[in-house]
Amino acid sequence: MIVFDQVSKTYPDGTVAVDSLSLEAPQGEITVLVGPSGCGKTTSMRMINRLIDPTSGSITMDGEDTSGIDKVELRRRIGYVIQNAGLFPHRTVVDNVGALPRLLGTKKSPARERAMELLELVGLDESLAQRYPWQLSGGQQQRVGVARALATDPPFLLMDEPFSAVDPIVRAQLQQEFLRLQERIGKTIVLVTHDIDEALILGDQIAVLRQGGHLAQVASPEVLLRDPADAFVANFVGRSRGYRSLGFTGADEHTPILQTASAVLGEAAEALRFRPDGWLVAVDAQRRPIGWAHRDQVGAALQDSAINHAGSTASLGAPLRDFLDAALSSPNGDGIVTDAEGALLGVVSTDDVVAAIRRAKGAAAATRAAS
Ligand SMILES: Nc1ncnc2c1ncn2[C@@H]1O[C@H](COP(=O)(O)OP(=O)(O)OP(=O)(O)O)[C@@H](O)[C@H]1O
């Protein structure tokens, strides 16, 4: 765990970058520092590995005051990933990853072996190991940056805007990969971003900072969306807060999943059994839903041309947002629900999704009242 206790930083020109910040980054979790430009995110993070020294207050790591730890030793315990990866341009990928262990005395061959393992861990093919950074895509460079930060197997990881130099599609991929990686490695991570959506995706907890290095709120993504502390946080979190918060709550056991009429693509029309409203769900040979088909659109057999592809599907354990989307995008108000393998389970009605949302809101309000 990393603990900030009333940490402040005033630069020599008098700029107060961080003002009496108290914050805990719990063990094995991702804490995201987010806020508008110049609010002191980077300064806060760099005080952890002492690239910047606090003016007052203390930072402890697992109970040990960082000001008393030798800087080299401190940085061996803290991996550091920066925007644009910050790789050494004249070294190959494998040498970039192995650079720090080599510097700390690891022999060449075990350093290379470990580097190759790390490249695999971050999803890079071994054929890239001998390339130079400029021969990699932005996303690949970023993965090398993460592998390099993990080279000494540090318990802590600092990440400064790690995914902002790549395009939105690659960024989304890297974020998901990174969450899967964190499930395996369980590091204590502090990550800086100016992008609230990235914070909501990655953060176990999110610290929102405002100008002058003041902590405006620290909370889980769900609480931040549902219960912003003030107008600044509400504004920073942005629009559609209510809808986005449904992304963090699953349907409860009282949400009925009803059986529905279905048929495999290609079946002859006379074999088809439609619902009373004239619809059925067309499925493939593995019973994965393709879309809704209406009696009036089906000719001699159930063909793709008769299928309405507008509806999305929700898998059983998905958040309420997926259930609501499935119901709202369906041509008949019933959302298609699948099992974990994607096979058709049944349907959920818009009314039942709305009732589940009401129950979830009621439960959240009760928790709030009790705390
Ligand atoms: N070396 C410095 N000397 C004086 N002021 C500085 C110095 N470094 C940063 N600052 C100021 O401290 C404040 C906080 O800067 P910091 O880089 O921590 O913000 P940030 O939230 O990371 O911003 P961004 O999102 O734009 O990177 C800003 O007002 C900045 O201008």
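We now turn to the structure provided with this report. If you're wondering where the values come from, they're calculated on a predicted model, not measured in any experiment. Residue positions are given per chain, counted from 1 along the sequence in the order it is written. Reporting in this predicted model follows two pLDDT cut-offs: at least 70 for local features of residues, and 80 or more for side-chain atom pairs to be given and counted; totals over whole chains, interfaces and linings ignore these cut-offs and use all residues. Neither water nor hydrogens contribute to the side-chain values; these are computed over all heavy atoms in the structure.

For helices the rule is a DSSP run of H or I covering at least 4 residues; for strands it is a run of E covering at least 2, with both sets numbered from the N terminus onward. Secondary structure summary: the protein contains 12 helices and 17 strands in total. By principal-axis analysis of the C-alpha atoms, the protein measures approximately 80 × 55 × 30 Å. Buried means the residue's accessible area, taken with a 1.4 Å probe over protein chains only, is under 20% of the maximum for its type, while exposed means over 50%, and partly exposed covers the values in between. By the burial criterion, 44% of the 371 residues in the protein qualify as buried. Restricting to contacts in the protein with at least 6 residues of sequence separation, those with at least 24 account for 60%. On the protein, roughly 17,800 Å² of surface is accessible, and the fraction owed to carbon and sulfur atoms is 50%. Neither His nor the chain termini are counted; the positive set is Lys and Arg, and the negative set is Asp and Glu. By convention, charge coordinates are those of NZ in Lys, CZ in Arg, CG in Asp, or CD in Glu. Each charge sign in the protein was given a centre, from 36 positive and 45 negative side chains, and these centres are 5 Å apart. The criterion used for residue contact is that any of the two residues' heavy atoms lie within 4.5 Å. Accessible surface is estimated by sampling points in the Shrake-Rupley manner with a 1.4 Å probe; for residues, cover comes only from the protein chains shown.

With that settled, consider the pairing of strand β7 (residues 156–160). Counting buried positions over the 5 residues of β7 gives 5, a clear majority of the element. Here β7 shows a buried face lined by Phe156, Leu158 and Asp160 and a second buried face lined by Leu157 and Met159. When DSSP locates at least two bridges between a pair of strands, those strands are taken to pair. Bridge count for strand β6 (residues 78–82) against β7 is 5 bridges, and the pairing is parallel. Its bridge partner being in β7, isoleucine 78 is matched across the sheet by phenylalanine 156. Between the parallel pair β7 and strand β8 (residues 188–193), the chain is carried across by helix α6 (residues 168–185), and the sense of this crossover is right-handed. Handedness of a crossover is defined as follows: with both strands directed away from the viewer, a clockwise route from the first strand across the helix to the second makes it right-handed.

Let us now look at the packing of aromatic side chains. Here is the rule: rings of Phe, Tyr and Trp (six-membered ring for Trp) pair when centre to centre is within 6.5 Å. Planes less than 30 degrees apart are stacked, more than 60 are edge-to-face, and the remainder are tilted. Taken as a whole and judged by the stated rule, the model has 3 aromatic pairs. Residues tryptophan 279 and tryptophan 292 carry aromatic rings whose centres are separated by 6.4 Å and whose planes lie at 80 degrees to one another, so their mutual orientation is edge-to-face. Highlighted residues: tryptophan 279 in strand β12 (residues 279–283) and tryptophan 292 in strand β13 (residues 289–294), separated in sequence by 13 residues. Of the two residues, tryptophan 279 and tryptophan 292, neither departs from the other in class, the shared state being buried.

The subject of this paragraph is the site of the ligand. Near is defined per residue: the residue qualifies when any heavy atom it owns lies within 4 Å of the molecule or strand. Close to the ligand lie Tyr11, Asp13, Thr15, Ala17, Pro36, Ser37, Gly38, Cys39, Gly40, Lys41, Thr42 and Thr43. Tyrosine 11 places a polar side-chain atom, nitrogen or oxygen, 3.5 Å from a nitrogen atom of the ligand. Polar contact criterion, stated in full: a pair of N or O atoms within 3.5 Å, where within protein one must be able to donate a hydrogen and the other to accept it, and residues adjacent in sequence count only if both atoms are side-chain atoms. One of the backbone nitrogen or oxygen atoms of glycine 40 is found 3.0 Å away from an oxygen atom of the ligand. With 3 residues, helix α1 (residues 41–48) is the single largest residue contributor to the shell around the ligand. Think of it as three bins: nonpolar holds Ala, Val, Leu, Ile, Met, Phe, Trp, Tyr, Cys and Pro, charged holds Asp, Glu, Lys and Arg, and polar takes everything else, Gly as well. Of the residues contributing to the shell around the ligand, the split by class is 4 nonpolar, 6 polar and 2 charged.

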